[in-house]
Amino acid sequence: MSNAFLQLLVLAAIAVFLIMRLRNVLGSRDGFEPSQNEQQAQQPRRNFDVIEGTANQEDGDIADHAEPGSAAANALKAMRRVEPDFEVGPFLSGAKGAYEMILLAFERGDISDVRAFLAPQVAEAFDSVIADRKAKGLVTEANYLGTRETALAAAEFNPATGLAEITVRFVGELSLVVRNAAGEIVEGDAKTSRKQRDNWTFARHMGQSDPNWQLVATA
């Protein structure tokens with residue numbers, strides 16, 4: 001074997017050794033790997049529109065229930081400035097629950113459980129109607145079937161006093177029977193439901209510790 005051939009084998013062995021060392025240190029590439037610019041392009045970009053649009057997102061709750069720029073929307077924004085946690089959606093849900101309880105209590109002639117949610121003038125008016133029924137010997141049997149519509153109708157806010165008033169439009173459905181002292185039906189039908197349409201106004205002073213709204217007007 002010639003010296004030239006031996007030198008070639010030694011050089012080849014050294015080359016293989018160096019390649020193996022480089023693979024161990026740097027790793028190997030399998031298939032296509034994007035360049036650095038391509039890798040940066042593939043990385044998800046931060047959406048700064050979310051940060052810039054925070055105020056719009058906060059006002060989305062109001063825009064869902066009142067026309068932007070309307071008197072009602074401006075009043076609701078003023079309420080939120082006093083109480084940042086105030087939201088129209090949860091308020092309407094609470095108003096719906098109050099409507100169902102108060103309406104049913106009134107129709108059945110006993111508002112003792114809901115009196116705390118009634119302004120004095122409203123409680124007095126309800127008491128008068130209930131007393132008139134009793135004087136005539138009338139008994140009301142009511143079965144509430146559900147609220148079909150709950151929507152914001154109006155909103156007002158007095159920044160000087162902090163008094164907020166929100167009017168809500170309700171459409172309820174119930175069956176109602178009125179019996180006289182002899183037990184005879186004089187009004188209604190237990191098998192037939194009827195729709196009850198009301199505009200109720202709730203009020204409270206924003207920024208105070210008492211979170212309860214009171215019913216101050218009915219229409």
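The structure presented is a predicted model; accordingly, all values stated were derived computationally and were not measured. (Residues numbered from 1 in each chain as written. Predicted model: local features only at pLDDT ≥ 70, side-chain atom pairs only at ≥ 80, totals over all residues. Heavy atoms only, no water.)

Enquirer: How should I be thinking about the sheet that holds strand S2 (residues 163-179) in this particular structure?
Expert: By way of backbone hydrogen bonds, the strands of a sheet pair with one another, either parallel or antiparallel. One open sheet holds the 4 strands; their spatial order is S1-S2-S3-S4, and the pairing between them is antiparallel. Looking at strand neighbours, the two that pair on one side only are strand S1 (139-158) and strand S4 (214-218), the edges of this open sheet. With strand direction ignored, the average angle separating the axes of adjacent strands in the sheet is 30°. Across the sheet, helix H5 (residues 71-82) is in contact with S1 and S2; its angle to S1 comes to roughly 85°. Strand contacts of helix H6 (residues 88-108): S1, S2, strand S3 (185-205) and S4, with the helix running at about 140° to S1, the strand carrying the most contacts. (Pairing = 2+ DSSP bridges. Helix = DSSP H or I, 4+ residues; strand = E, 2+ residues; numbered from the N terminus. Axes fitted to C-alpha atoms, helices over the stretch in contact; angles between N-to-C directions. Contact = heavy atoms within 4.5 Å.)

Enquirer: What's the story with the environment of glycine 146 in this structure? I'm lost.
Expert: Structurally, the position occupied by glycine 146 is in strand S1. Taking the relative accessible area as the measure of exposure, glycine 146 reaches 14% and is therefore buried. For the pair glycine 146 and leucine 174, spaced 28 residues apart in the sequence, the C-alpha separation amounts to 7.1 Å. Glycine 146 has contacts with Val171, Gly172 and Glu173, leaving out every residue within four places of it along the chain. (Buried < 20%, exposed > 50% of the residue type's maximum accessible area, 1.4 Å probe, protein only.)

Enquirer: How should I be thinking about the pattern of salt bridges in this particular structure?
Expert: Working definition: two side chains of opposite charge can pair if their charged atoms are close together. Tallying each qualifying case throughout the model produces 11 salt bridges. The partner of aspartate 59 in a salt bridge is arginine 80, and the shortest N-O contact between them spans 3.9 Å. Here aspartate 59, found in helix H4 (residues 54-63), pairs with arginine 80, found in helix H5; they are 21 residues apart in sequence, far enough to count as distant. Judged by its relative accessible area of 12%, arginine 80 falls in the buried class. We note a salt bridge from arginine 194 to glutamate 187, for which the minimum N-O separation is 4.0 Å. Accessibility expressed as a relative area gives 33% for arginine 194, which makes it partly exposed. (Salt bridge = Lys/Arg side-chain N within 4 Å of Asp/Glu carboxyl O.)

Enquirer: Before we go on, may I ask you to explain the side chain of serine 175 in this structure?
Expert: Counting through the fold element by element, serine 175 comes out in strand S2. Owing to a relative accessible area of 9%, serine 175 belongs among the buried residues under this scheme. Apart from the residues within four sequence positions on either side, serine 175 is in contact with Glu141, Ala142, Asn143, Leu145, Asp189, Ala190, Thr192 and Ser193.

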